Amino acid sequence: QVQLVESGGGLVQAGDSLRLSCATSGRTFSSYGMAWFRQAPGKEREFVTAITTSGGRTYYADSVRGRFTISRDNAKNTVYLQMNSLKPEDTAVYYCAATPGDVVGRSASYWYNDWGQGTQVTVSS
């Protein structure tokens, strides 16, 4: 099992930006596709974005496309989520997740074996 630890969440106002980080441990980080999910109060956990093992392809939920950017630094074993133009509906606990291999067709949570504990993002207004 790879360990994943999210950080960077907080309380911001609508229109602000925030960057989340997911620090991981493991000898084979570069062989995992990575994703961010989120869970808002009273809602199911939903897919936000994913990135392939090499970082060559990214995928976004329609609700965040154009505002959020996922990236990874395999040398640092870290995945990032840059969130711009935040909206109150972005309020949720954000989770980092890992899946063996690439992420094509893997927007469903059951593909992901390793999860972080989550970091809270709250957007006011």
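In what follows, the accompanying structure is described. Every value quoted in this text rests on a predicted model; they were computed, and no experiment measured them. All chains use their own residue numbering, which begins from 1 and follows the written sequence. In view of the model being predicted, local features appear only for residues whose pLDDT reaches at least 70, and side-chain atom pairs are presented and counted only at 80 or more, with totals across whole chains, interfaces and linings using the full set of residues. The side-chain numbers reported here are obtained from all heavy atoms of the structure, hydrogens and water having been left aside.

1. Re the nonpolar core
Core analysis: the biggest nonpolar cluster contains 35 residues, and Leu20, Met34, Trp36, Phe68, Met83 and Tyr94 have the highest contact counts within it. Per the convention used, a helix needs a DSSP run of H or I reaching at least four residues, while a strand needs a run of E reaching at least two, with both numbered from the N terminus. Contributing elements (two or more residues each) for this core: β3 (18-24), β4 (32-39), β5 (46-51), β7 (68-73), β8 (78-83), β9 (92-100) and β11 (119-124). Only buried residues count toward a nonpolar core. Its members are Ala, Val, Leu, Ile, Met, Phe, Trp, Tyr and Cys residues joined through side-chain atoms within 4.5 Å. For each residue, the accessible area found with a 1.4 Å probe, counting protein chains only, is set against the maximum for its type, and the residue is called buried under 20%, exposed over 50%, and partly exposed in between.

2. Points about the packing of aromatic side chains
Two aromatic rings, drawn from Phe, Tyr or Trp (for Trp, its six-membered ring), form a pair once their centres lie within 6.5 Å of each other, and the interplanar angle then sorts them: stacked below 30 degrees, edge-to-face above 60, tilted otherwise. What the rule picks out here adds up to five aromatic pairs. With a centroid separation of 5.0 Å and 55 degrees between ring planes, the pair formed by Phe37 and Trp115 is classed as tilted. Remark: Trp115 occurs in strand β10 (residues 114-115) and Phe37 occurs in strand β4; sequence separation between them is 78 residues. For Phe37, a relative accessible area of 1% corresponds to the buried category. Ring centres 6.2 Å apart and planes at 70 degrees place the aromatic pair Tyr112 and Trp115 in the edge-to-face group. Members of the aromatic cluster, joined through ring pairs, are Phe37, Phe47, Tyr112 and Trp115. Sitting over the face of the ring of Tyr95, Arg45 holds its NZ or CZ atom 3.8 Å from the ring centroid. A ring has a charge above it when a Lys NZ or an Arg CZ is no more than 6 Å from the ring centre and no more than 35 degrees off the ring normal.

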